[in-house]
Amino acid sequence: QKQLVESGGDLVQPGGSLRLSCEASGFTLTNYALGWFRRAPGKEREGVACVSPSSAITNYLDSVKGRFTIFRDNAKNTVYLQMNNLKPEDTAEYYCAAERFGDRCRLLGITQLYWGQGTQVTVSS
């Protein structure tokens, strides 16, 4: 089956760092735009970061710019989200997803073909 599996979520103190990983199985990520999305309790899902198939394009949620970096390793069939200087408001379930969008990406989150099951990130003292 085609699936995405996230890992790396944890409990971390404010100012700390985490690296989330999302590995695909059953298909290759080469031609997919990839994104990280999150949903906090009681809040709507929001797009955090995305990267185009060639990595020519990246987009970030304004509140994470300068703190988060998305990057992909197509040879490993994996996309990562490096999160630095984490804040309590970053607490959420984080999901990776894939869509076909040419060599672009977007944070809309409504046309994704595959979604992972999520990994929990909790930022607290």
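Residues numbered from 1 in each chain as written. Predicted model: local features only at pLDDT ≥ 70, side-chain atom pairs only at ≥ 80, totals over all residues. Heavy atoms only, no water.

Enquirer: In this structure, what is going on with the sheet that holds strand β1 (residues 3-7)? I would like to understand it.
Expert: Within a sheet, adjacent strands bond to each other through the backbone by hydrogen bonds, running parallel or antiparallel. Here we have 4 strands laid out as an open sheet, ordered β1-β3-β8-β7, and antiparallel in their pairing. With one partner strand each, in any of the chains shown, β1 and β7 (68-73) form the two edges of the open sheet. When the angles between neighbouring strand axes are averaged without regard to direction, this sheet yields 15 degrees. (Pairing = 2+ DSSP bridges. Helix = DSSP H or I, 4+ residues; strand = E, 2+ residues; numbered from the N terminus. Axes fitted to C-alpha atoms, helices over the stretch in contact; angles between N-to-C directions.)

Enquirer: Even after reading the chapter, I still don't get the state of the cysteines, so can you show me in this structure?
Expert: Disulfide: a covalent bond connecting the sulfur atoms of a pair of cysteines. Per the stated rule, a full pass over the model turns up 2 disulfides. Covalent S-S linkage joins C22 and C96, the inter-sulfur distance amounting to 1.9 Å. Sign of the S-S torsion, about 60 degrees for the bond between C22 and C96, identifies this disulfide as right-handed. Of this pair, C22 sits in strand β3 (residues 18-25) while C96 sits in strand β9 (residues 92-99), placing them 74 residues apart in sequence. C96 matches C22 in its accessibility class, with the two residues each being buried. The disulfide that involves C50 links it to C105, with 2.1 Å between the sulfurs. Taking the sign of the S-S torsion, about 70 degrees here, the bridge from C50 to C105 comes out right-handed. Separated by 55 residues along the polypeptide, C50 in strand β5 (residues 46-51) and C105 in the loop between β9 and β10 (114-115) bring together distant segments of the chain. (Disulfide = S-S within 2.5 Å. Buried < 20%, exposed > 50% of the residue type's maximum accessible area, 1.4 Å probe, protein only.)

Enquirer: So what exactly am I meant to see when it comes to unusual backbone geometry here?
Expert: Glycine aside, residues mostly have negative phi angles, and peptide bonds mostly take the trans form. Phi is positive for S55, which is not a glycine, with a value near 70 degrees. Take S55: it is sitting in the loop between β5 and β6 (58-60). At N85, a residue that is not glycine, the phi angle is positive and equals roughly 50 degrees. On the secondary structure map, N85 appears in the loop between β8 (78-83) and β9. A relative accessible area of 40% means that N85 is categorised as partly exposed.

Enquirer: Mind showing me how you'd approach the side chain of E99 here?
Expert: Structurally, E99 is set in strand β9. Polar contacts involving the side chain of E99 include one to the side chain of R106, which spans 3.3 Å. Within the structure, the side chain of E99 is placed 3.3 Å from the side chain of Q112, a separation counted as a polar contact. Sequence-distant contacts of E99, defined by excluding residues within four places in its chain, comprise Y32, A33, R106, T111, Q112 and L113. (Polar contact = N/O pair within 3.5 Å; in protein donor to acceptor, adjacent residues only side chain to side chain. Contact = heavy atoms within 4.5 Å.)

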